[in-house]
Amino acid sequence: MDVLHERCAGADISKKDAKVCVRAPSTKRRGSFTTETTTWGSTTNAVLALRDHLLAAEVTLMVIEATSDYWKPFYYLLAEDLDVILVNARQVKNLPGRKTDVSDAAWLAQLGAHGLVRPSFVPDQPVRELRDLTRARTQLTRERGQIVQRLEKLLEDTGIKLAAVASDIMGVSGRATLEALVSGEREPQTLAELARRKLRNKIPELTEALTGRFRDHHALLVRLHLDHYDQLTDSVGQLDARIEEAMAPFRPALDLLDTIPGINHAVAEVIIAETGGDMARFASARHLASWAGVCPGHHESAGRTENTKVHPGNPYLKGALGLAAFGAVRTKDTYLQARYKRLTARRGPLRALVAVEHSIITATWHMLTDNVTYRELGGAYFTQRDPERATRRAINALNQLGYTVTLNPRGATA
(Lines give C-alpha, C1' and ligand atoms only; values in the text may rest on other atoms or scores of the structure.)
Protein backbone atom coordinates (compact mmCIF):
# COMPACT_ATOMS: atom_id res chain seq x y z
CA MET A 1 0.00 0.00 0.00
CA ASP A 2 1.11 3.54 -0.69
CA VAL A 3 2.45 5.55 2.20
CA LEU A 4 0.73 8.90 2.40
CA HIS A 5 2.40 10.12 5.59
CA GLU A 6 5.97 9.02 6.15
CA ARG A 7 6.01 10.50 9.62
CA CYS A 8 2.79 9.61 11.38
CA ALA A 9 1.86 9.21 15.04
CA GLY A 10 -0.88 7.27 16.79
CA ALA A 11 -2.10 7.71 20.36
CA ASP A 12 -4.01 5.35 22.62
CA ILE A 13 -5.42 7.59 25.34
CA SER A 14 -6.61 6.70 28.82
CA LYS A 15 -7.66 8.80 31.81
CA LYS A 16 -4.19 9.21 33.30
CA ASP A 17 -1.83 8.96 30.33
CA ALA A 18 -1.41 8.20 26.64
CA LYS A 19 0.75 5.79 24.72
CA VAL A 20 2.08 7.61 21.64
CA CYS A 21 3.76 5.78 18.77
CA VAL A 22 5.77 7.75 16.21
CA ARG A 23 6.26 5.95 12.89
CA ALA A 24 9.15 7.31 10.80
CA PRO A 25 11.41 6.12 7.94
CA SER A 26 14.32 3.95 9.02
CA THR A 27 17.81 5.41 8.72
CA LYS A 28 19.40 1.97 8.29
CA ARG A 29 17.24 0.31 5.66
CA ARG A 30 15.60 2.09 2.76
CA GLY A 31 11.85 1.54 2.41
CA SER A 32 11.36 0.35 5.99
CA PHE A 33 10.01 2.19 8.98
CA THR A 34 10.75 2.30 12.68
CA THR A 35 8.38 2.91 15.56
CA GLU A 36 9.07 4.58 18.87
CA THR A 37 6.42 4.38 21.60
CA THR A 38 6.49 6.68 24.62
CA THR A 39 4.15 7.40 27.51
CA TRP A 40 2.86 10.90 28.24
CA GLY A 41 0.67 12.27 30.98
CA SER A 42 -2.77 13.72 30.36
CA THR A 43 -2.26 17.07 32.09
CA THR A 44 -2.03 20.26 30.07
CA ASN A 45 1.73 20.68 30.57
CA ALA A 46 2.34 17.05 29.58
CA VAL A 47 0.28 17.43 26.41
CA LEU A 48 2.17 20.61 25.50
CA ALA A 49 5.43 18.71 25.97
CA LEU A 50 4.06 15.98 23.69
CA ARG A 51 3.28 18.62 21.09
CA ASP A 52 6.88 19.82 21.14
CA HIS A 53 8.08 16.23 20.84
CA LEU A 54 5.89 15.59 17.78
CA LEU A 55 6.96 18.84 16.13
CA ALA A 56 10.61 17.91 16.68
CA ALA A 57 9.93 14.53 15.06
CA GLU A 58 8.38 16.34 12.06
CA VAL A 59 5.14 14.38 12.35
CA THR A 60 2.67 15.34 9.61
CA LEU A 61 -0.38 13.45 10.93
CA MET A 62 -1.57 12.51 14.41
CA VAL A 63 -4.29 9.84 14.80
CA ILE A 64 -6.29 9.77 18.05
CA GLU A 65 -8.88 7.19 18.93
CA ALA A 66 -12.10 8.53 20.45
CA THR A 67 -12.10 7.17 24.02
CA SER A 68 -14.87 8.60 26.23
CA ASP A 69 -13.98 12.29 26.76
CA TYR A 70 -10.29 11.66 27.45
CA TRP A 71 -9.32 12.57 23.88
CA LYS A 72 -10.49 16.17 24.19
CA PRO A 73 -7.48 17.81 25.93
CA PHE A 74 -5.10 16.05 23.52
CA TYR A 75 -7.09 16.98 20.43
CA TYR A 76 -7.74 20.62 21.34
CA LEU A 77 -4.09 21.34 22.27
CA LEU A 78 -2.38 19.35 19.53
CA ALA A 79 -4.69 20.52 16.73
CA GLU A 80 -3.40 24.08 17.13
CA ASP A 81 -0.06 23.17 15.51
CA LEU A 82 -0.50 19.67 14.06
CA ASP A 83 -2.79 17.87 11.64
CA VAL A 84 -4.81 15.79 14.10
CA ILE A 85 -7.71 13.50 13.22
CA LEU A 86 -10.10 11.77 15.57
CA VAL A 87 -11.26 8.29 14.55
CA ASN A 88 -14.14 6.11 15.65
CA ALA A 89 -13.04 3.15 17.78
CA ARG A 90 -15.37 0.80 15.87
CA GLN A 91 -13.57 1.55 12.60
CA VAL A 92 -10.00 0.95 13.83
CA LYS A 93 -10.38 -2.26 15.83
CA ASN A 94 -7.14 -4.20 16.09
CA LEU A 95 -6.89 -7.95 15.60
CA PRO A 96 -7.79 -9.86 18.79
CA GLY A 97 -5.21 -11.77 20.75
CA ARG A 98 -2.17 -9.60 21.41
CA LYS A 99 -3.91 -6.36 22.29
CA THR A 100 -2.14 -3.79 24.44
CA ASP A 101 -2.10 -0.01 24.63
CA VAL A 102 1.30 0.01 22.92
CA SER A 103 0.14 -2.18 20.04
CA ASP A 104 -3.01 -0.07 19.64
CA ALA A 105 -0.93 3.09 19.30
CA ALA A 106 1.30 1.43 16.70
CA TRP A 107 -1.77 0.19 14.82
CA LEU A 108 -3.26 3.69 14.70
CA ALA A 109 0.03 5.09 13.40
CA GLN A 110 0.19 2.44 10.69
CA LEU A 111 -3.40 3.05 9.59
CA GLY A 112 -2.83 6.78 9.47
CA ALA A 113 0.36 6.42 7.45
CA HIS A 114 -1.50 4.53 4.71
CA GLY A 115 -4.59 6.76 4.79
CA LEU A 116 -6.88 3.97 6.00
CA VAL A 117 -8.71 5.99 8.64
CA ARG A 118 -11.69 8.27 8.24
CA PRO A 119 -11.72 11.36 10.46
CA SER A 120 -14.68 11.97 12.73
CA PHE A 121 -16.53 15.27 12.75
CA VAL A 122 -15.19 17.63 15.43
CA PRO A 123 -16.92 21.04 15.20
CA ASP A 124 -15.36 24.41 15.86
CA GLN A 125 -15.39 25.95 19.32
CA PRO A 126 -18.62 28.03 18.92
CA VAL A 127 -20.52 24.93 17.81
CA ARG A 128 -18.95 22.86 20.60
CA GLU A 129 -20.13 25.39 23.16
CA LEU A 130 -23.60 25.37 21.64
CA ARG A 131 -23.55 21.57 21.84
CA ASP A 132 -22.66 21.72 25.53
CA LEU A 133 -25.63 23.98 26.18
CA THR A 134 -28.20 21.93 24.25
CA ARG A 135 -26.94 18.63 25.65
CA ALA A 136 -27.07 19.99 29.19
CA ARG A 137 -30.64 21.14 28.59
CA THR A 138 -31.58 17.73 27.22
CA GLN A 139 -30.11 16.00 30.26
CA LEU A 140 -31.84 18.32 32.73
CA THR A 141 -35.14 17.90 30.92
CA ARG A 142 -34.80 14.12 31.20
CA GLU A 143 -34.03 14.41 34.91
CA ARG A 144 -37.11 16.57 35.36
CA GLY A 145 -39.21 13.89 33.68
CA GLN A 146 -37.73 11.29 36.03
CA ILE A 147 -38.84 13.35 39.01
CA VAL A 148 -42.41 13.31 37.72
CA GLN A 149 -42.18 9.52 37.48
CA ARG A 150 -40.91 9.32 41.07
CA LEU A 151 -43.85 11.45 42.21
CA GLU A 152 -46.29 9.11 40.45
CA LYS A 153 -44.73 6.08 42.16
CA LEU A 154 -44.83 7.85 45.51
CA LEU A 155 -48.54 8.66 45.09
CA GLU A 156 -49.21 5.02 44.20
CA ASP A 157 -47.70 4.08 47.56
CA THR A 158 -50.28 6.29 49.27
CA GLY A 159 -53.23 4.94 47.26
CA ILE A 160 -53.84 8.32 45.63
CA LYS A 161 -54.57 7.89 41.88
CA LEU A 162 -54.10 11.49 40.75
CA ALA A 163 -52.22 10.43 37.60
CA ALA A 164 -55.19 8.27 36.53
CA VAL A 165 -57.46 11.34 36.29
CA ALA A 166 -55.10 14.23 35.51
CA SER A 167 -52.94 13.78 32.41
CA ASP A 168 -50.19 15.97 33.92
CA ILE A 169 -49.70 15.85 37.68
CA MET A 170 -47.32 18.82 37.42
CA GLY A 171 -49.89 21.01 35.71
CA VAL A 172 -51.72 23.85 37.45
CA SER A 173 -54.31 21.59 39.09
CA GLY A 174 -51.90 18.78 39.90
CA ARG A 175 -49.31 21.11 41.42
CA ALA A 176 -51.93 22.83 43.57
CA THR A 177 -53.12 19.43 44.81
CA LEU A 178 -49.61 18.30 45.68
CA GLU A 179 -48.88 21.53 47.52
CA ALA A 180 -52.07 21.15 49.53
CA LEU A 181 -51.17 17.58 50.45
CA VAL A 182 -47.73 18.70 51.63
CA SER A 183 -49.35 21.49 53.68
CA GLY A 184 -51.46 18.98 55.57
CA GLU A 185 -54.77 18.92 53.69
CA ARG A 186 -56.20 15.38 53.51
CA GLU A 187 -59.92 15.88 52.75
CA PRO A 188 -60.57 14.48 49.21
CA GLN A 189 -63.44 16.86 48.44
CA THR A 190 -61.37 19.91 49.40
CA LEU A 191 -58.45 18.68 47.31
CA ALA A 192 -60.71 18.04 44.32
CA GLU A 193 -62.02 21.61 44.44
CA LEU A 194 -58.51 22.83 43.64
CA ALA A 195 -58.98 21.64 40.05
CA ARG A 196 -58.81 24.26 37.31
CA ARG A 197 -60.24 24.64 33.82
CA LYS A 198 -61.34 21.40 32.10
CA LEU A 199 -60.35 19.25 35.05
CA ARG A 200 -63.26 20.71 37.05
CA ASN A 201 -65.54 18.53 34.95
CA LYS A 202 -63.93 15.54 36.68
CA ILE A 203 -64.38 16.62 40.30
CA PRO A 204 -66.32 13.43 41.25
CA GLU A 205 -63.54 11.27 39.73
CA LEU A 206 -60.92 13.41 41.45
CA THR A 207 -62.64 13.05 44.81
CA GLU A 208 -62.51 9.28 44.46
CA ALA A 209 -58.90 9.28 43.21
CA LEU A 210 -57.63 11.55 46.00
CA THR A 211 -58.83 9.23 48.74
CA GLY A 212 -55.79 7.51 50.21
CA ARG A 213 -53.36 7.29 53.10
CA PHE A 214 -51.02 10.23 52.68
CA ARG A 215 -48.71 10.54 55.71
CA ASP A 216 -46.04 12.98 56.85
CA HIS A 217 -43.42 10.62 55.47
CA HIS A 218 -44.87 11.06 51.98
CA ALA A 219 -45.19 14.81 52.48
CA LEU A 220 -41.45 15.10 53.14
CA LEU A 221 -40.54 13.18 49.99
CA VAL A 222 -43.03 15.08 47.83
CA ARG A 223 -41.61 18.38 49.10
CA LEU A 224 -38.08 17.32 48.19
CA HIS A 225 -39.17 16.21 44.70
CA LEU A 226 -41.10 19.42 44.07
CA ASP A 227 -38.14 21.58 45.14
CA HIS A 228 -35.82 19.58 42.90
CA TYR A 229 -38.27 19.93 40.02
CA ASP A 230 -38.38 23.71 40.48
CA GLN A 231 -34.59 23.90 40.64
CA LEU A 232 -34.26 21.98 37.37
CA THR A 233 -36.94 24.16 35.75
CA ASP A 234 -34.96 27.26 36.70
CA SER A 235 -31.76 25.74 35.29
CA VAL A 236 -33.50 24.85 32.02
CA GLY A 237 -34.75 28.43 31.78
CA GLN A 238 -31.20 29.77 32.18
CA LEU A 239 -29.96 27.40 29.48
CA ASP A 240 -32.80 28.47 27.17
CA ALA A 241 -31.72 32.09 27.49
CA ARG A 242 -28.06 31.27 26.87
CA ILE A 243 -28.90 29.05 23.87
CA GLU A 244 -31.01 31.83 22.41
CA GLU A 245 -27.95 34.09 22.45
CA ALA A 246 -25.63 31.43 21.04
CA MET A 247 -28.08 30.69 18.19
CA ALA A 248 -27.82 34.23 16.79
CA PRO A 249 -25.34 33.28 13.99
CA PHE A 250 -27.54 30.33 13.03
CA ARG A 251 -30.85 32.21 12.91
CA PRO A 252 -31.44 31.72 9.14
CA ALA A 253 -30.95 27.94 9.43
CA LEU A 254 -33.18 27.84 12.49
CA ASP A 255 -36.00 29.62 10.65
CA LEU A 256 -35.73 27.12 7.78
CA LEU A 257 -35.93 24.07 10.05
CA ASP A 258 -38.97 25.47 11.85
CA THR A 259 -40.96 24.98 8.64
CA ILE A 260 -40.63 21.16 8.77
CA PRO A 261 -43.68 19.45 10.34
CA GLY A 262 -42.86 18.03 13.76
CA ILE A 263 -39.79 20.20 14.36
CA ASN A 264 -40.25 22.81 17.07
CA HIS A 265 -37.82 25.48 18.20
CA ALA A 266 -35.96 23.27 20.70
CA VAL A 267 -35.55 20.35 18.28
CA ALA A 268 -34.26 22.69 15.57
CA GLU A 269 -31.68 24.04 18.02
CA VAL A 270 -30.44 20.51 18.77
CA ILE A 271 -30.15 19.67 15.05
CA ILE A 272 -28.10 22.79 14.38
CA ALA A 273 -25.92 22.25 17.46
CA GLU A 274 -25.12 18.64 16.52
CA THR A 275 -24.53 19.20 12.79
CA GLY A 276 -23.06 22.68 13.02
CA GLY A 277 -25.66 24.00 10.61
CA ASP A 278 -23.19 23.58 7.71
CA MET A 279 -24.00 20.70 5.37
CA ALA A 280 -20.77 21.10 3.37
CA ARG A 281 -19.02 18.60 5.66
CA PHE A 282 -21.51 15.90 4.65
CA ALA A 283 -21.06 14.73 1.07
CA SER A 284 -24.75 13.94 0.60
CA ALA A 285 -28.00 13.53 2.48
CA ARG A 286 -27.24 9.82 2.76
CA HIS A 287 -23.97 10.53 4.54
CA LEU A 288 -25.80 12.75 7.03
CA ALA A 289 -28.50 10.11 7.61
CA SER A 290 -25.84 7.46 8.21
CA TRP A 291 -23.96 9.72 10.62
CA ALA A 292 -27.19 10.41 12.49
CA GLY A 293 -27.93 6.67 12.73
CA VAL A 294 -31.32 6.69 10.98
CA CYS A 295 -30.61 4.57 7.93
CA PRO A 296 -30.60 0.75 7.70
CA GLY A 297 -27.31 -1.09 7.92
CA HIS A 298 -25.83 -3.43 5.32
CA HIS A 299 -24.73 -6.94 6.22
CA GLU A 300 -24.63 -9.20 3.20
CA SER A 301 -22.99 -12.61 3.19
CA ALA A 302 -23.21 -15.29 0.49
CA GLY A 303 -25.79 -13.24 -1.35
CA ARG A 304 -28.09 -13.00 1.67
CA THR A 305 -28.90 -9.91 3.68
CA GLU A 306 -28.69 -10.94 7.31
CA ASN A 307 -29.06 -7.75 9.35
CA THR A 308 -30.50 -4.37 8.43
CA LYS A 309 -30.66 -2.77 11.88
CA VAL A 310 -29.73 0.88 12.07
CA HIS A 311 -26.17 1.59 13.10
CA PRO A 312 -25.34 3.62 16.20
CA GLY A 313 -25.24 7.31 15.44
CA ASN A 314 -25.20 10.63 17.23
CA PRO A 315 -27.48 9.90 20.23
CA TYR A 316 -28.53 13.51 20.81
CA LEU A 317 -29.37 14.11 17.16
CA LYS A 318 -31.14 10.77 16.95
CA GLY A 319 -33.23 11.61 20.02
CA ALA A 320 -34.21 14.98 18.58
CA LEU A 321 -35.21 13.34 15.29
CA GLY A 322 -37.33 10.85 17.23
CA LEU A 323 -39.25 13.70 18.89
CA ALA A 324 -39.68 15.38 15.52
CA ALA A 325 -40.97 12.14 13.97
CA PHE A 326 -43.53 11.66 16.76
CA GLY A 327 -44.80 15.17 16.15
CA ALA A 328 -44.79 14.82 12.36
CA VAL A 329 -46.90 11.66 12.26
CA ARG A 330 -49.58 13.50 14.26
CA THR A 331 -49.72 16.41 11.83
CA LYS A 332 -52.76 16.00 9.61
CA ASP A 333 -52.62 15.91 5.82
CA THR A 334 -48.82 15.91 5.52
CA TYR A 335 -46.39 13.83 3.50
CA LEU A 336 -44.63 12.57 6.63
CA GLN A 337 -47.89 11.33 8.14
CA ALA A 338 -48.81 9.60 4.87
CA ARG A 339 -45.37 7.96 4.72
CA TYR A 340 -45.74 6.70 8.28
CA LYS A 341 -49.19 5.22 7.65
CA ARG A 342 -48.03 3.67 4.39
CA LEU A 343 -45.10 1.87 6.04
CA THR A 344 -46.72 0.93 9.35
CA ALA A 345 -48.98 -1.71 7.81
CA ARG A 346 -46.15 -3.82 6.39
CA ARG A 347 -43.04 -2.76 8.33
CA GLY A 348 -44.38 -1.96 11.79
CA PRO A 349 -44.56 1.34 13.70
CA LEU A 350 -40.94 1.39 14.89
CA ARG A 351 -39.40 1.00 11.44
CA ALA A 352 -41.93 3.43 10.04
CA LEU A 353 -40.78 6.03 12.59
CA VAL A 354 -37.16 5.49 11.56
CA ALA A 355 -38.22 6.05 7.95
CA VAL A 356 -39.87 9.34 8.95
CA GLU A 357 -36.69 10.35 10.80
CA HIS A 358 -34.73 9.57 7.64
CA SER A 359 -37.07 11.76 5.59
CA ILE A 360 -36.70 14.63 8.07
CA ILE A 361 -32.89 14.55 8.10
CA THR A 362 -32.84 14.23 4.30
CA ALA A 363 -35.04 17.30 3.98
CA THR A 364 -32.78 19.09 6.48
CA TRP A 365 -29.70 18.47 4.33
CA HIS A 366 -31.35 19.75 1.14
CA MET A 367 -32.90 22.77 2.86
CA LEU A 368 -29.68 23.92 4.52
CA THR A 369 -27.62 23.17 1.40
CA ASP A 370 -29.88 25.03 -1.03
CA ASN A 371 -31.20 27.57 1.52
CA VAL A 372 -34.86 26.83 0.75
CA THR A 373 -37.90 26.33 2.93
CA TYR A 374 -39.69 23.03 3.36
CA ARG A 375 -42.01 22.13 0.48
CA GLU A 376 -45.01 20.16 1.67
CA LEU A 377 -46.04 17.38 -0.72
CA GLY A 378 -49.36 16.77 1.00
CA GLY A 379 -51.05 13.75 2.50
CA ALA A 380 -52.30 12.56 -0.93
CA TYR A 381 -48.81 12.46 -2.44
CA PHE A 382 -48.54 8.67 -2.74
CA THR A 383 -52.07 8.39 -4.14
CA GLN A 384 -51.40 11.05 -6.76
CA ARG A 385 -48.03 9.56 -7.65
CA ASP A 386 -49.51 6.17 -8.54
CA PRO A 387 -53.32 6.44 -8.77
CA GLU A 388 -53.71 3.03 -10.44
CA ARG A 389 -52.03 1.28 -7.54
CA ALA A 390 -54.17 3.16 -5.03
CA THR A 391 -57.27 2.14 -7.00
CA ARG A 392 -56.26 -1.54 -7.00
CA ARG A 393 -55.61 -1.51 -3.26
CA ALA A 394 -59.00 0.08 -2.57
CA ILE A 395 -60.81 -2.43 -4.80
CA ASN A 396 -59.00 -5.37 -3.16
CA ALA A 397 -59.94 -4.10 0.29
CA LEU A 398 -63.61 -3.85 -0.70
CA ASN A 399 -63.54 -7.29 -2.33
CA GLN A 400 -62.22 -8.79 0.89
CA LEU A 401 -65.21 -7.28 2.69
CA GLY A 402 -67.58 -9.02 0.27
CA TYR A 403 -68.40 -6.15 -2.06
CA THR A 404 -68.39 -6.16 -5.86
CA VAL A 405 -67.00 -2.93 -7.20
CA THR A 406 -67.83 -1.33 -10.53
CA LEU A 407 -65.79 1.69 -11.54
CA ASN A 408 -67.45 4.58 -13.39
CA PRO A 409 -65.16 7.46 -14.40
CA ARG A 410 -66.23 10.84 -13.07
CA GLY A 411 -68.50 12.61 -15.54
CA ALA A 412 -69.48 9.41 -17.45
CA THR A 413 -73.18 8.78 -18.02
CA ALA A 414 -74.79 5.51 -16.88
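So, how was this worked out
The written sequence of each chain sets the order in which its residues are numbered from 1. Local features are withheld for residues below a pLDDT of 70 in this predicted model, meaning they are given only at 70 or higher, and side-chain atom pairs are given and counted only at 80 or more; totals for whole chains, interfaces and linings count all residues. Note that the side-chain values use all heavy atoms of the structure and ignore hydrogens as well as water. The rule for a salt bridge is simple: a side-chain nitrogen of Lys or Arg has to be within 4 Å of a carboxyl oxygen of Asp or Glu. Only protein chains enter the area calculation, which uses a 1.4 Å probe; residues under 20% of their type maximum are buried, those over 50% are exposed, and those in between are partly exposed. Axes here mean lines fitted to C-alpha atoms, for a helix over just the part in contact, with angles spanning 0 to 180 degrees between N-to-C directions. Note on conventions: DSSP H or I runs of at least 4 residues are helices, E runs of at least 2 residues are strands, and numbering of each starts at the N terminus. Any angle that is under 35 degrees is reported as roughly parallel, and any over 145 degrees as roughly antiparallel; angles of 65 to 115 degrees are reported as roughly perpendicular and all others as oblique. Crossings are sorted by hand: turned counterclockwise from the far helix by less than a right angle, the near helix makes the crossing left-handed, and turned clockwise it makes it right-handed. Contact criterion: two residues are considered in contact whenever any of their non-hydrogen atoms come within 4.5 Å of each other. Stacked, tilted and edge-to-face are the three classes applied to pairs of Phe, Tyr and Trp rings, where Trp contributes its six-membered ring and a pair requires centres within 6.5 Å; stacked means planes under 30 degrees apart, edge-to-face means over 60, and tilted covers the rest. Two conditions define a charge sitting above a ring: the NZ of Lys or the CZ of Arg must be within 6 Å of the ring centre, and it must be within 35 degrees of the ring normal.

Q: Looking at this structure, I do not really get the pattern of salt bridges. What am I missing?
A: Side chains that carry opposite charge are capable of pairing whenever their charged atoms lie near each other. Summed over the entire model, instances satisfying the criterion amount to 19 salt bridges. The partner of lysine 72 in a salt bridge is aspartate 69, with the nearest N and O atoms 3.6 Å apart. Overall, lysine 72 belongs to the partly exposed group, its relative accessible area being 27%. Relative accessible area serves as the criterion here: at 47%, aspartate 69 is assigned to the partly exposed category.

Q: Help me understand the packing of helix H4 (residues 125-158) against helix H11 (residues 265-275) in this model?
A: When two helices pack together, their arrangement is given by the angle between the helix axes and by the axis-to-axis distance. Closest axis-to-axis distance for the H4/H11 pair is 8 Å, and the angle between their directions is 140°. Judged by the angle between their axes, H4 and H11 are oblique. For the pair H4 and H11, the sense of crossing is left-handed. Taking contact as the criterion, the partners of Val127, Leu130, Arg131, Thr134, Arg135 and Arg137 in H4 are, on H11, Ala266, Glu269, Val270, Ala273 and Glu274.

Q: It is not clear to me how the packing of aromatic side chains should be interpreted in this structure. Could you clarify?
A: The description of an aromatic ring pair uses the distance of the two centres, along with the angle that the planes make with each other. If you walk through the whole model with that rule in mind, you get 9 aromatic pairs. Each ring, one from phenylalanine 121 and one from phenylalanine 282, has its centre 6.1 Å from the other, and the planes form 70°; the classification is edge-to-face. Residue phenylalanine 121 is found in the loop between helix H3 (101-113) and H4, and its partner phenylalanine 282 is found in the loop between H11 and helix H12 (285-292); the two are separated by 161 residues along the sequence. Taken together, a centroid distance of 5.4 Å and an interplanar angle of 25° make the contact between tyrosine 335 and phenylalanine 382 stacked. Residue tyrosine 335 is located in helix H14 (residues 335-347), and its partner phenylalanine 382 is located in helix H16 (residues 381-385); the two are separated by 47 residues in the primary sequence. Using a relative accessible area of 15% as the deciding quantity, one classes tyrosine 335 as buried. Under the relative-accessibility criterion, phenylalanine 382 is labelled buried at 12%. Of note, arginine 23 hangs over the ring of phenylalanine 33, and the distance from its end group to the ring centre comes to 4.2 Å. The side chain of arginine 128 reaches across the aromatic face of tyrosine 76, ending 4.1 Å from its centre.

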